[in-house]
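Topology and contacts: notes
Take a look at the letters that make up each chain.
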Amino acid sequence: MMVIANSQDQKIELQNYLQRLTDATDPQPANIVELRIEERLSRTLPTLVAPWGENGPAIDQAMFVVTKNLSATGVSLISQTGIETENLLMVLLNQSEFRFLKGLVRYRRPIDGGFVQVGVELERIVDPCEFPKLLQLAKLIARLNRS
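In short, a report on the structure. (Residues numbered from 1 in each chain as written. Predicted model: local features only at pLDDT ≥ 70, side-chain atom pairs only at ≥ 80, totals over all residues. Heavy atoms only, no water.)

The next subject is the pattern of salt bridges. Summed over all chains, the structure comprises four salt bridges. We note a salt bridge from Arg108 to Glu86, for which the minimum N-O separation is 3.3 Å. Note that Arg108 is positioned in strand β7 (residues 100–110) and Glu86 in the loop between β5 (74–79) and β6 (87–92), a separation of 22 residues in sequence. Salt-bridge contacts for Arg106 lead to Glu121; the nearest nitrogen and oxygen are separated by 2.6 Å. With a gap of 15 residues between them, Arg106 in strand β7 and Glu121 in strand β8 (residues 116–126) connect regions that are remote in the sequence. Classification of Arg106 by relative accessible area gives exposed; the value is 53%. (Salt bridge = Lys/Arg side-chain N within 4 Å of Asp/Glu carboxyl O. Helix = DSSP H or I, 4+ residues; strand = E, 2+ residues; numbered from the N terminus. Buried < 20%, exposed > 50% of the residue type's maximum accessible area, 1.4 Å probe, protein only.)

Here we come to the pairing of β7. Remark: a regular strand shows side chains that alternate across the two faces of the sheet. For β6 and β7, the ladder comprises five bridges, and the chain directions are antiparallel. Paired with Met90 across the two strands is Leu101, which belongs to β7. Of the strand pairs in this sheet, β7 and β8 are connected by 10 bridges, and their pairing is antiparallel. Across the sheet, Pro110 pairs through a bridge with Val116, a residue of β8. Hairpin connection, β7 to β8: the antiparallel pair is bridged by five residues, and Gly113 has positive phi, about 75°. (Pairing = 2+ DSSP bridges.)

With that settled, consider the environment of Lys102. By the element assignment, Lys102 lies in strand β7. Given the relative accessible area of 11%, Lys102 is considered buried. Each residue touching Lys102, except ones within four places of it in the same chain, is listed here: Trp52, Asn87, Leu88, Glu121, Leu122, Glu123, Arg124 and Val126. A polar contact is formed between the side chain of Lys102 and the side chain of Asn87, at a distance of 3.4 Å. (Contact = heavy atoms within 4.5 Å. Polar contact = N/O pair within 3.5 Å; in protein donor to acceptor, adjacent residues only side chain to side chain.)

This part is about the packing of aromatic side chains. Tallied over the entire structure, the rule returns two aromatic pairs. Ring geometry for Trp52 versus Phe131: centroids 5.2 Å apart, planes at 85°, classification edge-to-face. Of the two residues, Trp52 is situated in strand β2 (residues 46–53) and Phe131 in the loop between β8 and α2 (132–146); the sequence distance between them amounts to 79 residues. Take Trp52 and Phe131: they sit in the same class, and that class is buried. Both rings, one in Phe98 and one in Phe100, keep their centres 5.9 Å apart while their planes meet at 90°; by these two values the pair is edge-to-face. Phe100 carries the same exposure label as Phe98, and that label is buried. Above the face of the Trp52 ring, Lys102 is positioned so that its terminal group lies 5.2 Å from the ring centre. (Phe/Tyr/Trp six-rings, centres within 6.5 Å; stacked < 30°, edge-to-face > 60°. Lys NZ or Arg CZ within 6 Å of the ring centre and 35° of its normal.)

Examined bridge by bridge, strand β1 (residues 41–42) and strand β4 (residues 63–70) share two bridges and lie antiparallel to one another. Following the sheet pairing, Leu41 is matched in β4 by Leu70. One ladder, built from four bridges, connects β2 with β4; its direction is antiparallel. Bridged to Val49 within β4 is Met63. Relative to β5, β4 is paired through four bridges, and the arrangement is antiparallel. In the strand pairing of β5, Asn69 is matched with Ser76. The turn joining β4 and β5, which pair antiparallel and follow one another in sequence, is formed by three residues.

Structure, rendered in structure tokens:
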């Protein structure tokens, strides 16, 4: 995998990945009509998230959440515990492909049952070669995706 140098190229690569993901998954019926510039697609996918600190992703603090919806530039997550970091690493787990995504938390909102909805603006796809510990995590995720 190569590192993309141009920020615009990174955004296009990210948007293309999210579009492939939403095309390959089944939509859940939306029960609320939202008037937004950017369309939100209701998708529930298991997702691995980890805090992103000064030294990159803290894999040892990773946890599982689920997505509520996806857009061309972001994702809404549902978590049982609050995601306290401002920057995070995400991996949307599905059967076809996965990417490491770096995101910025834009909001946190408590919802019923003690859950928290977290809005994340996605910044870029992270090449696992940037952080060697991601290569080990990639092998584990690949095995999970095959089962």
